[in-house]
Amino acid sequence: MEESEVYAAVGETGFRDLIANFYRRVPADTVLGPMYQGRDMSAAEDRLRGFLIYRFGGPVEYIEQRGHPRLRMRHAPFAVNAEARDHWLALMTTALVETSLPEEAKSVLAAFFHSTADFLINRPA
Ligand code: HEM
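The text that follows walks through the structure, step by step, so that each part is easy to find. No experiment lies behind these values; they were computed from the predicted model shown.

### Thoughts on the site of the ligand
- Residues in contact with the ligand amount to 23 residues; listed here are only the nearest, Arg-39, Arg-47, Tyr-62, Arg-66 and His-75.
- Here Arg-47 contributes a side-chain N or O atom positioned 2.6 Å from an oxygen atom of the ligand.
- At a separation of 2.6 Å, an oxygen atom of the ligand approaches a polar side-chain atom of Tyr-62.
- When residues of the shell around the ligand are traced back to their parent elements, those giving at least two are α2 (32–35), α3 (41–55), α4 (61–66), α5 (71–75), α6 (82–98) and α7 (103–119).
- When the residues that make up the shell around the ligand are grouped by side-chain class, the tally is 16 nonpolar, 2 polar and 5 charged.

### Some details on the packing of helix α1 (residues 6–23) against α3
- Running from N to C, α1 and α3 cross one another at 150°; their axes reach a closest spacing of 10 Å. In terms of orientation, α1 lies roughly antiparallel with respect to α3. Regarding α1 and α3, the two cross each other, and that crossing is right-handed. Contact with α1, carried on its side by Tyr-7, Glu-12, Phe-15, Arg-16, Ile-19, Ala-20, Phe-22 and Tyr-23, involves Met-41, Ala-44, Glu-45, Leu-48, Arg-49, Leu-52 and Ile-53 of α3 and no other residues of that element.
- Residues of the contact of α1 with α3, tallied by class, amount to 11 nonpolar, no polar and 4 charged.

### Quick notes on unusual backbone geometry
- Positive phi, close to 40°, is recorded for Arg-70, a residue that is not glycine.
- Taking relative accessible area as the criterion, Arg-70 reaches 48% and is therefore assigned partly exposed.

### A few points about the packing of aromatic side chains
- The final tally for this structure, using the stated rule, is 11 aromatic pairs.
- Judged by centre distance (5.6 Å) and plane angle (65°), the rings of Trp-88 and Phe-113 are edge-to-face. With a gap of 25 residues between them, Trp-88 in helix α6 and Phe-113 in helix α7 connect regions that are remote in the sequence.
- Residue classification places Trp-88 among the partly exposed positions, given a relative accessible area of 21%.
- Members of the aromatic cluster, joined through ring pairs, are Phe-22, Tyr-23, Tyr-36, Phe-51, Tyr-54, Phe-56, Tyr-62, Trp-88, Phe-112 and Phe-113.
- When the ring centre of Phe-56 is taken as origin, the NZ or CZ atom of Arg-55, which lies over that ring, is 5.5 Å away.

### Details of the environment of Thr-94
- Looking at where Thr-94 falls in the secondary structure, it is placed in helix α6.
- Residues Thr-94 and Asn-21, 73 residues apart in the sequence, show an inter-C-alpha distance of 8.3 Å.

So, how was this worked out
- Residues numbered from 1 in each chain as written.
- Predicted model: local features only at pLDDT ≥ 70, side-chain atom pairs only at ≥ 80, totals over all residues.
- Heavy atoms only, no water.
- Near = heavy atom within 4 Å.
- Polar contact = N/O pair within 3.5 Å; in protein donor to acceptor, adjacent residues only side chain to side chain.
- Helix = DSSP H or I, 4+ residues; strand = E, 2+ residues; numbered from the N terminus.
- Nonpolar A, V, L, I, M, F, W, Y, C, P; charged D, E, K, R; others polar.
- Axes fitted to C-alpha atoms, helices over the stretch in contact; angles between N-to-C directions.
- Parallel < 35°, antiparallel > 145°, perpendicular 65-115°, else oblique.
- Left-handed = near helix turned anticlockwise from the far one by under 90°.
- Contact = heavy atoms within 4.5 Å.
- Buried < 20%, exposed > 50% of the residue type's maximum accessible area, 1.4 Å probe, protein only.
- Phe/Tyr/Trp six-rings, centres within 6.5 Å; stacked < 30°, edge-to-face > 60°.
- Lys NZ or Arg CZ within 6 Å of the ring centre and 35° of its normal.

Nothing here speaks to function; it is all geometry.
See the structure below:
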């Protein structure tokens, strides 16, 4: 499956379920929880979901609202080291397992999550 075909296979509902399953675990995470302290979790959920929908061939509302993603710049205020990456990926891997999506779509998403999480590291370990 191509990246541009994922949205058609997963739909708005699939992305909604996946991102809800991810964010549900963020507050209790020992590394990610403190980073999100005081942030509007439902707005954060909307941003990640909107970005993924745009990135994987769906409607481009994220771009209309947020402009170019500039993910490295937008993560600069947060200490993303290898430990934070591992926690983020562990939560997302669990969310992928518990969300009902076509397996081919899960593989494409998992590959993207791993490479993007590496790319976002901005602090030494
Ligand atoms: C590697 C570990 C990561 C950490 C610790 C991290 C942490 C954060 C935090 C604290 C925020 C601010 C929440 C908010 O929007 O209010 C954020 C925003 C965001 N993150 Fe991450 N993130 C990570 C990886 C990723 C990955 C892999 C992706 C893409 C798949 C991603 C996509 C986004 C997006 C789209 C936003 C919102 C950007 C915006 O429009 O402002 N992040 N992240």
